[in-house]
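Tertiary structure, described
Each chain, written out:
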Amino acid sequence: MTPPIGYDPIMRTQPTPSNMTSRPVTELDFRMPEFRDAKPEDYEFRGDGKIVRKDRFERGIYKIASLLSLNGRAGFEIEDVIRTVENLAEESTNWQAELTDEDWAYGKPPKIDVKLDCGSILRNVTRNTDGTFDWEGRAVPGLIMAIRVRYPA
């Protein structure tokens, strides 16, 4: 007959769960995992009745700053986080599939940005009279997926 899995032939003991059976049950065992070691003074009720951390906005800003590679140890201002997020939002808006006649209606030639199929964004691209685009004196490499027009002030 084969011994059960976990049987120790030297000690002749049966397997048991870690230390769960050797300690008494406490109030913490009944708490939801996210509140297990929480202090009540760090939490409040939100308007909808949900329990939330009081410092959730501060923690959120630190998380966003980290995602934006702003160094928390060196210090940053909230305005830095806001400006960076605004720049990212601007980068993702106002893209169109192609240029229209309206894009040339303001007299000055617009600044053109192009988004390539590889995800790269080329800024200040020039449009040639034959409809092709140049960037820094060379033909735009790759397939143009979207175009954004920015008008000079």
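To be clear, the structure that these remarks concern was listed above.
The following refers to the structure shown. (Residues numbered from 1 in each chain as written. Predicted model: local features only at pLDDT ≥ 70, side-chain atom pairs only at ≥ 80, totals over all residues. Heavy atoms only, no water.)

**Topic: the nonpolar core**
Counting 10 residues, the largest nonpolar core consists of Leu-99, Ile-112, Val-114, Leu-116, Leu-122, Val-125, Phe-133, Val-140, Ile-147 and Val-149. Among the elements of the structure, strand E3 (111-116), strand E4 (121-127) and strand E7 (144-150) are those that each provide at least two residues to this core. (Core = buried A, V, L, I, M, F, W, Y, C linked by side-chain atoms within 4.5 Å. Buried < 20%, exposed > 50% of the residue type's maximum accessible area, 1.4 Å probe, protein only. Helix = DSSP H or I, 4+ residues; strand = E, 2+ residues; numbered from the N terminus.)

**Side note on helix H1 (residues 56-67)**
Over its 12 residues, H1 extends 16 Å from the first C-alpha to the last, a length consistent with the 16 Å expected when each residue adds 1.5 Å. Once H1 finishes, Ser-69 follows within two positions and takes phi at roughly 65°, a positive value. (Expected span 1.5 Å × (residues − 1).)

**Describing the sheet that holds E7**
Remark on secondary structure: sheet strands pair via backbone hydrogen bonds, oriented parallel or antiparallel. What the five strands build is an open sheet, ordered E6-E5-E4-E3-E7; its pairing is antiparallel. At either end of the open sheet lies a strand with only one pairing partner, and these are strand E6 (138-139) and E7. With two bridges joining them, strand E5 (residues 133-135) and E6 adopt antiparallel strand pairing. Of the residues in E6, the one forming a bridge with Trp-135 is Arg-138. (Pairing = 2+ DSSP bridges.)

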